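# Examination of the molecular architecture
Each chain is listed here by its residues.
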Amino acid sequence: MPITKPKKKRREINFADRSVQEITRKGGEVSRAAVNNSSDRPKSIQLRLYDDQIAEIDILLAQRTGRHKMSRHAWIVQAIEEKLEREQQGVENAG
Amino acid sequence: MIYTVGGTKGGSGKTTFSVNLAVTLSHIGHDVLLDDADDQGTATDFTDMRSESRGGDVGYTAVQLLGKAVGPQVQKLASKYQDIVIDVGGRDTNAQRMALLVSDVFVCPFKPRSYDMWTIEKVVEVIGEVKTINQDLQSYAFLNMTDPRGSDNAEAAEQLAEFGELLYADAPIGHRKAFANAGAYGQGIIEYKPKDAKAIAEFLALVSKVTDLKASVINQITGNSVPAA
């Protein structure tokens, strides 16, 4: 005579089922950075500049010497970072 | 058994309960999987600390299944582990809903504070939706970090007892520093020295209410005295 209680079979959830998807869709997403730490990768964007602007940048770059030398790309990235920092400080000061 | 420890309010002690439950179940000899489905990753930090202090032998298997992966992956792993503990973040996320769809037991801590208590209805709403698919889900609420005195505990307990879908597990846990101290060393409350007998007794009393473990089994293995239910 079996004395052990038979193990109850676990109910299988069909995750492709529409009703299951409707329930889970109502919940928010966890932050993307947490799901995939490598998501913060460089992305290519098209940047349109006038010849004069590029020339101005190149003149400034040519004046740089020694360890201050950098590529045009690095100069533009640095310029964006400086603007981001300035604007964020502005927001903090305003708050 | 698959346990989800969740809710829709942060800072209520979900991770503390999750890691302590995983540690206790592993002490009882169960093969336990702990899923840190909270993007804050505190249960993983606990496991890392535990691994360092115990030479890699944490006593359970830890994974970080997040988002929609929680449901299908836990369902696949269910047959491989005796117990699975899923720690979800304090928000209504798809991870939490996925976890509840595959869980046997939902445990939801509440602090006896207005902001926490205001989330009961949202939690009950989520349970109601999940139960249209997973009818067998047993949901428990308990009071965590209770006050040493005053009427807030009793008022909160009364509110928690109002909802049929969310059973009130009458085994409150006080605001005890020993949980945080133990966690800082990657230890469960039952392992931490100096022993906090009150914290252990409260925690194990709660475990006996929300798991199918009998108080006698918990007492025998952990050497602590949990009153029989």
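Right above here is the structure, for reference.
With that settled, consider the overall build of chain B. Within chain B one finds 10 helices and seven strands. For chain B, the C-alpha radius of gyration of 16 Å lies close to 17 Å, the compact-globule estimate for 229 residues. Along the first, second and third principal axes, the C-alpha set of chain B runs to 45 × 45 × 30 Å. By sequence separation, contacts in chain B at least 24 residues apart represent 75% of the contacts at least 6 residues apart. Here chain B contributes 21 positive and 29 negative side-chain charges, whose respective centroids are spaced 3 Å apart.

Residues and elements named next belong to chain B. Neither face of strand S1 (residues 2–5) is left uncovered, since the one carrying Ile-2 and Thr-4 and the one carrying Tyr-3 and Val-5 both have all their residues buried. Bridging between S1 and strand S4 (residues 83–88) involves four bridges; their strand directions are parallel. Looking at S4, one finds that Tyr-3 is bridged to Val-85. Bridge count between S1 and strand S5 (residues 105–110): three bridges; the pairing is parallel. Bridge pairing in S5 links Tyr-3 to Val-105.

Time to look at helix H2 (residues 42–53) of chain B. Residue and element names in this part refer to chain B. Here H2 spans 17 Å end to end across 12 residues, near enough to the 16 Å set by a 1.5 Å rise per residue. Looking at the buried side of H2, the elements it contacts are helix H1 (14–27), strand S2 (32–37), strand S3 (61–63), S4 and helix H8 (177–184). In the segment just after H2, Gly-55 is the residue with positive phi, at about 60°.

Moving on, we get to the pairing of S4(B). All names here are of chain B. Counting buried positions along S4 yields six of six residues, so the element is predominantly enclosed. Alternating positions in S4 separate into two faces, Asp-83, Val-85 and Asp-87 on one and Ile-84, Ile-86 and Val-88 on the other, with burial throughout. The sheet contact formed by S2 and S4 spans six bridges and is parallel. Each residue of the ladder has a partner; that of Leu-34, found in S4, is Val-85.

So, how was this worked out
Residues numbered from 1 in each chain as written. Chains lettered and ligands numbered in written order. Predicted model: local features only at pLDDT ≥ 70, side-chain atom pairs only at ≥ 80, totals over all residues. Heavy atoms only, no water. Helix = DSSP H or I, 4+ residues; strand = E, 2+ residues; numbered from the N terminus. Rg over C-alpha atoms; globule rule 2.2 N^0.38 Å. Contact = heavy atoms within 4.5 Å. Lys, Arg positive; Asp, Glu negative; His and termini not counted. Charge placed at Lys NZ, Arg CZ, Asp CG, Glu CD. Buried < 20%, exposed > 50% of the residue type's maximum accessible area, 1.4 Å probe, protein only. Pairing = 2+ DSSP bridges. Expected span 1.5 Å × (residues − 1).

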